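Given next are the chains, with one letter for each unit.
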Amino acid sequence: MDGTSFDLITVASTFIGGLFVDPFIAFYDRPDKLIQIVSQGLSAGVMYSLVALGFVVIFKASGVFNFAQGIMVVFAGLTVVSLIEIGVPAIAAVLLAIVVMGAMAFAIERMVLRPLVNQPGIILFMATIGLAFFLEGFGQTIFGADPKPVPIDALAIPDGKFKILGDVFRKPVRIYQLDLTALIAGGLMVAGIIVFLNRTKIGRALRAVADDNQAALSVGIPLPFIWVVVWTLSGLVAIFAGVMWGAQSQAGFSLAVIALKALPVLILGGFTSVPGAILGGMIIGVTEKLAEFYWRGVLGDGVEQWIGYVIALIILLFRPQGLFGEKIIERV
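Owing to the predicted nature of the structure, the values given are computational and were not obtained by experimental measurement.

*Asks:* Can you walk me through the packing of aromatic side chains in this structure?
*Replies:* For any two aromatic rings, the description comes down to two numbers: the centre-to-centre distance and the angle of the planes. The tally for this structure, following the rule as stated, stands at 12 aromatic pairs. When the ring of Phe67 is compared with that of Phe125, the centres are 6.1 Å apart and the planes differ by 90°; the resulting orientation is edge-to-face. Taken together, the residues Phe67 in the loop between α2 (31–62) and α3 (69–85) and Phe125 in helix α5 (residues 121–143) connect sequence positions 58 residues apart. The class for Phe125 is partly exposed, based on a relative accessible area of 23%. An aromatic cluster of at least three residues, connected via ring pairs, comprises Phe55, Phe59, Phe65, Phe67, Phe125 and Phe271.

Put into structure tokens, the structure is as follows:
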């Protein structure tokens, strides 16, 4: 065996060991760390799920893939932060942000969606791309281009940490209150959206529009009103996501990349599935955190940024409609 072959075998064995053996050794050695990472992944997963839900409700009701969802998250978060900065009480700032996002939904329906009724889907998609760039420029004019710190004290968002299971493991599990708050509050918001879609009259009308626009119109469901509702609902999700993501770093236009982070979630769960968006977000969030901690040495420091897209690619190869998406059969 020559030296080159030996080097290749060594590299391969090191890679395989780092990928499949070392993580399990680390699991066994520090189970407290595993629990901590999973909790952080679930927190991030809930946030991904909320952003993905914004895509899903709009796509189900209008067939539009809203490329502007990411900048809506930024716009909503900066609205809350800027209002608090000028002295508006936190509760009033959130309520005013809801009004702003509702007004935005109404304007989008009147000026973007209504003129493009019955146009091909690609036209509507391009319209949301234009909307995203408009909102980014308009937002920088209003809020400025610099990121803003989220006033977590004014919003009563806890930012400490506590330790649990210290008597079970060699080292206690550290839980960050910000992650736990995002997980619990985000979970409650997801539950509220599910109840709204399934238990309210407007929610049932939205589902009817999603199933068949023409049939919904024939029984008197006003399509423009439903569009305003779903874009407003997407705006409410954007407020929560913008504030919580901003609390973990800062509220700025770089947060618009969240829209791209939600794409693997949508592909994994299915573009028309609310449960799929929830489960997909959890899977992607936990996988990213595990990969960043346990496989960073083998796959590189940026593994958290691309591992979700690899999962999405695998799903596309074997189940293009996603785990919960409906399989579309077209007869020609």
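*Asks:* Explain the pattern of salt bridges to me, please; I cannot follow it from the model alone.
*Replies:* Side-chain pairing between opposite charges can occur once the charged atoms of the two side chains come close. All told, the structure shown has eight salt bridges when counted by the stated rule. Between Arg110 and Glu109 there is a salt bridge; the shortest N-O distance is 3.6 Å. Note on Glu109: relative accessible area 2%, which makes it buried. Several salt bridges converge on common partners, so that one network encompasses Glu109, Arg110 and Arg114.

*Asks:* Any chance you could explain the side chain of Lys33 here in plain terms?
*Replies:* Secondary-structure assignment places Lys33 in helix α2. One buried charged residue, Lys33, forms no salt bridge at all, with the nearest opposite charge on Asp32 at 6.5 Å. Other than its neighbours up to four places away in sequence, Lys33 contacts Arg174, Phe293 and Tyr294.

The rules behind these values
Residues numbered from 1 in each chain as written. Predicted model: local features only at pLDDT ≥ 70, side-chain atom pairs only at ≥ 80, totals over all residues. Heavy atoms only, no water. Phe/Tyr/Trp six-rings, centres within 6.5 Å; stacked < 30°, edge-to-face > 60°. Helix = DSSP H or I, 4+ residues; strand = E, 2+ residues; numbered from the N terminus. Buried < 20%, exposed > 50% of the residue type's maximum accessible area, 1.4 Å probe, protein only. Salt bridge = Lys/Arg side-chain N within 4 Å of Asp/Glu carboxyl O. Lys, Arg positive; Asp, Glu negative; His and termini not counted. Contact = heavy atoms within 4.5 Å.

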